[in-house]
Amino acid sequence: MTAGRTEWADDVLPGYQQTTMALGADPDGEGDLFATLVRRTDETPAPHAVLAVHGFTDYFFNTELADHFTAAGLRFYALDQHKCGRSWRAGQTPHFTTDLARYDRELERAVAVVAAENPGARVLVYGHSAGGLIVSLWLDRVHRRRATTALSIGGLVLNSPWLDLHGPAILRTRVTSTAIGAMSRVRKTQVVRGTGKGSYGLTLHRDYDGEFEYNLQWKPLGGFPVTFGWINAIRRGHARLHRGLDVGVPNLILRSDHSVAETADASTMQRGDAVLDVSQIARWAGCIGNRSTVVPVRDAKHDVFLSLSQPRAAAYRELDGWLAGYLGHHHAAPPASTGRG
């Protein structure tokens, strides 16, 4: 990507293109950072667009989701954040950062590209899991500086956002958070939790018990290791969210109706969230903003759009119902030219 011009090249996915955004030196000392914006090939400008942001141990590969947004009338873009998926470089710790606010710059650069290619369009932001936390914190900062309208952001969709640390209650105490913070300052890349057995991943990938094809180097079955520096950044993000955010736009929050243990049998794992505690999502969803619609999807997986066919179809129906109101509202009230959010 060069100043004033976006250069696109063929993506790893047929029918898609990508552009690389250089972000300069990594404040965490792991070389130069890059983010990658992906779009569908040969689409024309549209009055609505969506920017999708993945979660931890993830990247954009779900072309079914892209097709669905496109059929609904939104031009589709996805961002592989720095050190993730297409943006991961040799010598870097996958997905590692010590500050979630460092994603703000690439998010805003991506939105700027979307706006430039679709003049006057409203941008819907989509975030899954950790990506849901990241974009919610970012949009709150955007709103507080009154830049929501200037960035043409009109709405937010969250897919099982990570709103609290799951597991035993002791993990969420102030003492534990303080200890994590102290370790992150001296051993930020030390591993807190290693890779798992890949039980959730086994329910997703086509070579095992799932329906989807993706790069197992970019999204390994057992996940990437969790480090002190990264989990401290997540906990700081949780603490900020728990004090209350205002993302400044209408938002839809989709989640499963129940959680399952990742150690459960395969059939059980196929019908429930094996990654997060959905009761935590329910508890903290009200901290996103004051125009939230929260929908539990029966038997959905952690990524509701990677669920089995029936709950996946239900998730898409809920998305479509919300989008009908969102698109109708913005059709009736086009964005103003003011820079106030």
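Described in the following lines is the structure provided in the data block. These numbers come from a predicted model, not from an experiment.

So, how was this worked out
Counting starts from 1 at the beginning of each chain's written sequence and moves along it residue by residue. Under the rules for a predicted model, residues below a pLDDT of 70 receive no local features and side-chain atom pairs below 80 are neither given nor counted, while totals for whole chains, interfaces and linings still include all residues. Based on all heavy atoms of the structure, the side-chain values leave hydrogens and waters out of the count. Only rings of Phe, Tyr and Trp enter the pairing, Trp through its six-membered ring, and a pair is recorded when the two centres are within 6.5 Å. The plane angle decides the type: under 30 degrees is stacked, over 60 is edge-to-face, the rest tilted. Only when the NZ atom of a Lys or the CZ atom of an Arg is both within 6 Å of the ring centre and within 35 degrees of the ring normal do we say a charge sits over the ring. Basic side-chain nitrogens of Lys or Arg form a salt bridge, by our definition, when they fall within 4 Å of a carboxyl oxygen of Asp or Glu. Every helix listed is a DSSP run of H or I at least four residues long, and every strand listed is a run of E at least two residues long, numbered separately from the N terminus. Whether a residue is buried, partly exposed or exposed follows from its accessible area with a 1.4 Å probe, protein chains only, as a fraction of its type maximum: under 20%, in between, or over 50%, in that order. Whether two residues are in contact is decided by their heavy atoms: any pair within 4.5 Å suffices.

Moving on, we come to the packing of aromatic side chains. All chains considered together, the criterion is met by 13 aromatic pairs. Taken together, Tyr16, Phe60, Phe69, Phe76, Tyr126, Phe305 and Tyr316 form an aromatic cluster joined through their ring pairs. Directly above the aromatic system of Tyr214 lies the positively charged group of Lys219, at a separation of 5.6 Å from the ring centroid.

Take the pattern of salt bridges next. Scanning the entire structure with this criterion turns up 21 salt bridges. Across the pair Arg312 and Glu211 runs a salt bridge, and its minimum N-O distance is 3.3 Å. On the criterion of sequence distance, the pair formed by Arg312 in helix H9 (residues 309-332) and Glu211 in the loop between helix H5 (199-202) and strand E9 (226-227) is long-range, its members being 101 residues apart. Judged by its relative accessible area of 34%, Glu211 falls in the partly exposed class. Between Asp299 and Arg271 there is a salt bridge, with its nearest N and O atoms 3.4 Å apart. With Asp299 in the loop between strand E11 (292-297) and H9 and Arg271 in the loop between helix H7 (266-269) and helix H8 (278-284), the pair connects residues that are 28 residues apart, well separated along the chain. Through salt bridges that share partners, Arg39, Arg40, Glu43, Asp67, Arg75 and Glu117 make up one connected network.

Further remarks concern the environment of Phe61. One can find Phe61 in the loop between strand E4 (48-53) and helix H1 (63-71). Judged by relative accessible area, Phe61 falls into the buried class, the value being 7%. Apart from the residues within four sequence positions on either side, Phe61 is in contact with Leu13, Phe212, Glu213, Tyr214, Lys219 and Leu306.

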